[in-house]
Amino acid sequence: MINALFAARPERWDTYELTLRAAFEAEGLAVDLRQDFAPEEVDYIIYAPNSDLQDFRPYTRCKAVLNLWAGVEKITTNETLTQPLCRMVDPGLTQSMIEWVTGHVLRYHLDIDRSLALQNSWSPYIPPLSEERPITILGLGALGQACATALTQLGFPVSGWSRTAKSVAGVTCHHGPEGLNAALAEAQIVILLLPDTPHTQNILNAQSLARLPKGARIINPGRGPLIDDEALLAALETGQIAHATLDVFRIEPLPEDHPYWAHPKVTVTPHIAAETRPITASRVIAENIRRGEAGEDFVHLVDRSRGY
């Protein structure tokens, strides 16, 4: 029997218990899934970083910690964690991110806000074709690549940037500091899908925002600290940035007195771009436990030296 500890907020147990059990059965795994074990009896920890479990030292038998979240920045710095850590790359989460990003890109591309503001006025406007609207995605991980591919299929010229070199079919890929300048130079819409690491924090700051074409638009469903908030507000005031759609923030929920709420050039959404789906996420967890028991490499293993 494989002992799997479910270490997440109590309300998540009701969400995941049945889907995890079904996924284990589908993989032919005999798993004792519980919310409480003696630490020395645990083989795998199914984990959410906001769990009460923060000290991993007693879990001496644990073969891997399997994160339920795509983001791992809240756990990678935990010095008690010596077990392999796997992040969540969930097909359901990926699909919801594609849909959210594509929806907001098309909102900007078709200038839907303009149409809504002119409901009492006949004022024809012909938007450009997608091939005339360069888009840049900062971050070419699983989510960034999926969104880039979807946008290229709609005819947008897509550039991508990552810290290290990547290759994505149909996408102009840049990397490193000089590559960032090139990726921003012609981007009419910038989408942020980077992880939150010391190297990516404030990647959109006064200097990088100034490199964008005047009137560019920002979409951030990635991480709040990727943007220097004061620099973005200043760029919105000057018109350097025409509008920003923000789904993630340094403090969540976004404080009631934050200037983003009332800003006419900012759209706030409450961290809804992509949510882990229990059915598909449970299959990812079951696959990694199957791999662990078979002595195979885990999928989506985190490189803690990079933080993702």
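Residues numbered from 1 in each chain as written. Predicted model: local features only at pLDDT ≥ 70, side-chain atom pairs only at ≥ 80, totals over all residues. Heavy atoms only, no water.

**Quick word on the sheet that holds strand 10 (residues 216-220)**
Hydrogen bonds between backbone groups are what pair the strands of a sheet, and the pairing can be parallel or antiparallel. Heads up, the condition is: Pairing between strands is defined by DSSP: at least two bridges between the two strands are required. To qualify as a helix, a DSSP run of H or I must reach at least 4 residues; to qualify as a strand, a run of E must reach at least 2; elements of each kind are numbered from the N terminus. For helices, the fitted axis covers only the stretch in contact; all axes are lines through C-alpha atoms, and the angles between them, taken along N-to-C directions, range from 0 to 180 degrees. What makes two residues a contact is simply this: any of their non-hydrogen atoms within 4.5 Å.
Reading across from one edge, 8-7-6-9-10-11-12 is the order of the seven strands in this open sheet, with parallel pairing throughout. Only two strands of the sheet have a single partner each, and these edge strands are strand 8 (172-175) and strand 12 (266-268). Sheet twist, expressed as the mean angle between neighbouring strand axes with direction ignored, is 15 degrees. Sheet analysis places strand 9 (residues 189-192) next to strand 10, joined by three bridges and oriented parallel. The residue bridging Ile189 from the neighbouring strand is Arg217, located in strand 10. Where helix 2 (residues 91-109) meets the sheet, its contacts fall on strand 6 (135-138), strand 9, strand 10, strand 11 (241-246) and strand 12, and the angle it forms with strand 11 comes to roughly 155 degrees. Strand contacts of helix 4 (residues 142-153): strand 6, strand 7 (158-162) and strand 9, with the helix running at about 170 degrees to strand 6, the strand carrying the most contacts.

**A few points about the confidence of the model for the chain**
The condition is simple: Note on scores: pLDDT gives the predictor's confidence for each residue, bounded by 0 and 100.
Counting all residues, the mean pLDDT for the chain is 96, and 100% of those residues have values of 70 or more. Here helix 3 (residues 112-117) is the element of the chain with the lowest mean pLDDT, 94, and strand 9 is the one with the highest, 99.

**Some words on helix 2**
Formally: Here the expected span of a helix is defined as 1.5 Å times the quantity of residues minus one. A 1.4 Å probe rolled over the protein chains alone gives each residue an accessible area, and that area as a share of the maximum for its type sets the label: buried under 20%, exposed over 50%, partly exposed in between.
The terminal C-alpha atoms of helix 2, which comprises 19 residues, lie 26 Å apart, in line with the 27 Å expected from a rise of 1.5 Å per residue. Here helix 2 lies mainly inside the structure; 14 of its 19 residues are buried.

**Focus on the pattern of salt bridges**
The condition is simple: The working definition used for a salt bridge is a side-chain nitrogen of Lys or Arg within 4 Å of a carboxyl oxygen of Asp or Glu.
Scanning all chains against the criterion turns up 14 salt bridges. The partner of Asp113 in a salt bridge is Arg107, with the nearest N and O atoms 2.6 Å apart. Asp113 gets classed as partly exposed once you look at its relative accessible area, which sits at 32%. With its nearest N and O atoms 3.6 Å apart, the salt bridge here joins Arg250 to Asp229. Taken as a pair, Arg250 in the loop between strand 11 and helix 8 (259-262) and Asp229 in helix 7 (residues 229-238) lie far apart in primary sequence, 21 residues in all. Connected via shared salt-bridge partners are Glu27, Glu287, Arg290, Arg291 and Glu296.

**With respect to the packing of aromatic side chains**
The test is simple: Geometry of aromatic contacts follows a simple scheme: Phe, Tyr and Trp rings, the Trp one being its six-membered ring, pair when their centres are within 6.5 Å, and the pair is stacked under 30 degrees between planes, edge-to-face over 60, tilted otherwise.
Inspection of the entire model under this criterion finds four aromatic pairs. With centroids separated by 6.0 Å and ring planes inclined at 40 degrees, the aromatic side chains of Phe6 and Tyr16 adopt a geometry described as tilted. Here Tyr16 lies in helix 1 (residues 10-26) and Phe6 lies in strand 1 (residues 2-7), a separation of 10 residues in the sequence. Taken individually, Phe6 and Tyr16 each receive the classification buried, so the pair is uniform in this respect. Ring centres 5.3 Å apart and planes at 65 degrees place the aromatic pair Tyr47 and Phe56 in the edge-to-face group. Classification of Tyr47 by relative accessible area gives buried; the value is 1%.

**Observations concerning the nonpolar core**
The line we're drawing: Put simply, buried Ala, Val, Leu, Ile, Met, Phe, Trp, Tyr and Cys residues joined by side-chain atoms within 4.5 Å make one nonpolar core.
Of all hydrophobic cores here, the largest spans 29 residues; its most connected members are Leu138, Ile218 and Leu232. The greatest single-element share of this core, amounting to five residues, is contributed by helix 7. Every residue in contact with Leu232, bar those within four places of it in the chain, is listed here: Leu209, Ile218, Ile227, Ile241, Ala244, Leu246 and Tyr260. Counting 26 residues, the second-largest nonpolar core is a separate cluster that includes Trp13, Leu68, Cys86 and Phe298.

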